[in-house]
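# Observations on chain architecture
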Amino acid sequence: MRLNPQKILIIRLSSIGDVILTSPIIRSLYSCYPEAELHFITKSAYAHLLEEHPLLTKVHRFEGNMNATITALREEKFDFIVDLHRNIRSFVIKSRLRLPSGTYSKDRWAVLFHTRYKIGKLPRIHTVERYARALGPLNCEFDSSPLELYLPIEAHEMAGKILNRYFKAPPVGVVLGGKYTTKRWPVDYFAELLNKLKRPVLLLGGPDEKEDAARLTANLEVKHLDAVGQYNLVLSAALVKRCQYLITNDTGLMHIGAAFGVPLFVLWGNTVPELGFYPWKSTAVNLQVDGLRCRPCTKLGHDKCPKRHFRCMKDLKPEMVLNAIRTWEKGLEQGASLL
């Protein structure tokens, strides 16, 4: 028997990429229940990524106070919960609201055994498809179209003004971010690549990458704008949309680029695309060192290489990345994308 909820709560509390990856599920729920209200709860830091979404009725900000959160959510009188986080906090929300729910399946044990002990194989399923499992109790058809991201028009206008002051054409975007050290390509490699590429460059990242950005800009010989740690998340996302293409580590801005249809060159270190966080339905080249038995060493990352050699990034030489980009550019000149 098909349920008929009139008010649905979607839970995904963090982080940037994970929140962006929920857009096909929002779309699927709307297609299934066009008359229902769709609400979303996430941490305040990521709420701006959702507040302009035309299919969401309301975005609730989680500030860390669980009792206050539960009180506010109870007042909404939801019919159903779609849990796309599956952690302790989302479990508490579900258990205290006592509502029917569908929950994201992480394939946690298969991933753990493979990354830690190299036992078995990775499931080779994208996180968006894992999210779709939470639609099961509602019998909703999964809309597997590309990601979407809606930003305020003011952000797009401001991004245009910023770039027009520095560049005559769309720059190459370079994302220095990555929460963990083992997901970051060496700064010296970026400098070598960009100087050989000879294209205007926009540097992107958060406050934690400002030191890396300073080291990089000191060695850059091409026209560049250092926007690392200079702008908020929404404006940074709007800047991503205006890039010719993006050279990026495995991080949140990668998924923002995918949502805007920006071509991507993704630098994979300790993580691998098979973990399910590769760009969804997008034009992308995944660049990585094949044949390293230690990859992936974890689903997330480490502050330093557990093997102390960091070959997953050090062996991914600038020349390899440069060749991939030039092959793509040559394809564009010939009128056909090679990605």
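Above this text you will find the structure in question.
Predicted model, so just to flag it, every value in this text is computed and none were measured.

Before going further, it helps to examine the sheet that holds strand β1 (residues 7-11). As summarised here, the arrangement of the five strands in space is β3-β2-β1-β4-β5, forming an open sheet in which the pairing is parallel. Edge strands, defined here as strands with exactly one partner in the open sheet, are β3 (58-62) and β5 (101-103). Between one strand axis and the next, the sheet turns by 20 degrees as a mean value, whatever way the strands run. For β1 and strand β4 (residues 80-83), the ladder comprises four bridges, and the chain directions are parallel. Bridge pairing links Leu-9 to Ile-81 in β4. Contacts from helix α2 (residues 23-32) reach β1, β2 (37-43) and β4 within the one sheet, and its direction differs from that of β2 by about 160 degrees. The strands touched by helix α4 (residues 66-76) are β1, β2 and β3; relative to β3, the strand with the most contacts, the crossing angle is about 160 degrees.

On to the sheet that holds strand β10 (residues 264-267). Pairing in this open sheet of six strands is parallel, and the strands run β8-β7-β6-β9-β10-β11 from one edge to the other. Looking along the sheet, the strands with just one partner apiece sit at the ends: β8 (224-226) and β11 (284-287). Pairwise comparison of adjacent strand axes, ignoring direction, gives a mean angle of 15 degrees for this sheet. In this structure, strand β7 (residues 201-204) lies alongside β8, joined through three bridges in parallel fashion. Within β8, the position partnered with Leu-203 by the bridge is Asp-226.

Judged by which residues are buried, β4 turns out to be covered on both faces: Phe-80 and Val-82 on one side and Ile-81 and Asp-83 on the other are all buried. As defined by bridge partners, β4 adjoins β5 across three bridges and the pair is classed as parallel. Directly across from Val-82, in β5, lies its bridge partner Gly-102. What joins β4 to β5 is helix α5 (residues 88-97), and the crossover it makes is right-handed.

Quick look at the state of the cysteines now. Scanning the model with the defined rule gives one disulfide in all. Disulfide pairing places Cys-32 opposite Cys-140 at an S-S distance of 2.4 Å. Here Cys-32 and Cys-140 share a disulfide; its torsion about the S-S bond, -90 degrees, makes the bridge left-handed. Taken together, the residues span a long stretch of sequence, with Cys-32 in helix α2 and Cys-140 in the loop between α7 (127-132) and α8 (153-166) at a distance of 108 residues. By the burial criterion, Cys-32 is buried, and Cys-140 matches it. Cysteine Cys-297 remains unbridged, with the sulfur of Cys-312 as its closest cysteine sulfur at 6.4 Å.

Look at α4 against α5: their axes get within 10 Å of each other, and the N-to-C directions meet at 45 degrees. By the angle between their directions, the pair α4 and α5 is classed as oblique. Here α4 and α5 pass one another in a crossing that is right-handed. For the pair formed by α4 and α5, the contact residues are Met-66, Asn-67, Ile-70, Leu-73 and Arg-74 on the first element and Arg-89, Val-92, Ile-93, Arg-96 and Leu-97 on the second. For the contact of α4 with α5, the residue count by class is six nonpolar, one polar and three charged.

Definitions and limits used
- Residues numbered from 1 in each chain as written.
- Predicted model: local features only at pLDDT ≥ 70, side-chain atom pairs only at ≥ 80, totals over all residues.
- Heavy atoms only, no water.
- Pairing = 2+ DSSP bridges.
- Helix = DSSP H or I, 4+ residues; strand = E, 2+ residues; numbered from the N terminus.
- Axes fitted to C-alpha atoms, helices over the stretch in contact; angles between N-to-C directions.
- Contact = heavy atoms within 4.5 Å.
- Buried < 20%, exposed > 50% of the residue type's maximum accessible area, 1.4 Å probe, protein only.
- Right-handed = clockwise from strand over helix to strand, strands pointing away.
- Disulfide = S-S within 2.5 Å.
- Parallel < 35°, antiparallel > 145°, perpendicular 65-115°, else oblique.
- Left-handed = near helix turned anticlockwise from the far one by under 90°.
- Nonpolar A, V, L, I, M, F, W, Y, C, P; charged D, E, K, R; others polar.

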